[in-house]
Amino acid sequence: MIRPDAQLRSGHIPADLIPPGTDPRTVVIVHTAPRSWVGPVVLVLVAAVGICGLVYITTVAVLSLVKVAATTAAAIKTAVPTLIGGGGLITLAIKTPKADGKRTTR
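Residues numbered from 1 in each chain as written. Predicted model: local features only at pLDDT ≥ 70, side-chain atom pairs only at ≥ 80, totals over all residues. Heavy atoms only, no water.

Along the protein, the regular secondary structure elements total two helices and two strands. Secondary structure of the protein in N-to-C order comes out as α-α-β-β. A buried classification covers 2% of the 106 residues belonging to the protein. Counting every atom, the protein has about 9,700 Å² of accessible surface; 70% of that belongs to carbon and sulfur. (Helix = DSSP H or I, 4+ residues; strand = E, 2+ residues; numbered from the N terminus. Buried < 20%, exposed > 50% of the residue type's maximum accessible area, 1.4 Å probe, protein only. Areas by Shrake-Rupley, 256 points an atom, 1.4 Å probe, with all protein chains shown as cover.)

Listed below in structure tokens is the structure:
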């Protein structure tokens, strides 16, 4: 028993720990319980699982929204020529000011 705590655990009470004038048979040594790592380990595991679950749920939600957006865009692309009237070309007119202040159509 090299370490002092090992001596105390085995029931040996070193003489220097007993106050002078005290009967060694009346001395009681109280040991603290060993530290349990179950709580901190479980907390870290629960936090890791929670973060992974949150990332998974967020990813699924974003991918679902992208799928809905892609389906909507494909439906709009198909429906626009029909709505405009016969599948003609769609042209856009952008008006920009000229240097002299008159507007033209490009």
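Moving on: the pattern of salt bridges. Pairing between side chains of opposite charge can happen when the charged atoms of each approach one another. Per the stated rule, a full pass over the model turns up one salt bridge. The salt bridge involving R25 is made with D23; its shortest N-O contact spans 3.2 Å. Classification of R25 as exposed rests on a relative accessible area of 75%. (Salt bridge = Lys/Arg side-chain N within 4 Å of Asp/Glu carboxyl O.)

Let's shift gears to the environment of I29. Within the secondary structure layout, I29 lies in the loop between α1 (4-9) and α2 (38-84). Taking C-alpha positions, I29 is 8.1 Å from I13, a pair spaced 16 residues apart along the chain. Setting aside residues no more than four positions away along its own chain, I29 makes contact with L8 and I13. (Contact = heavy atoms within 4.5 Å.)

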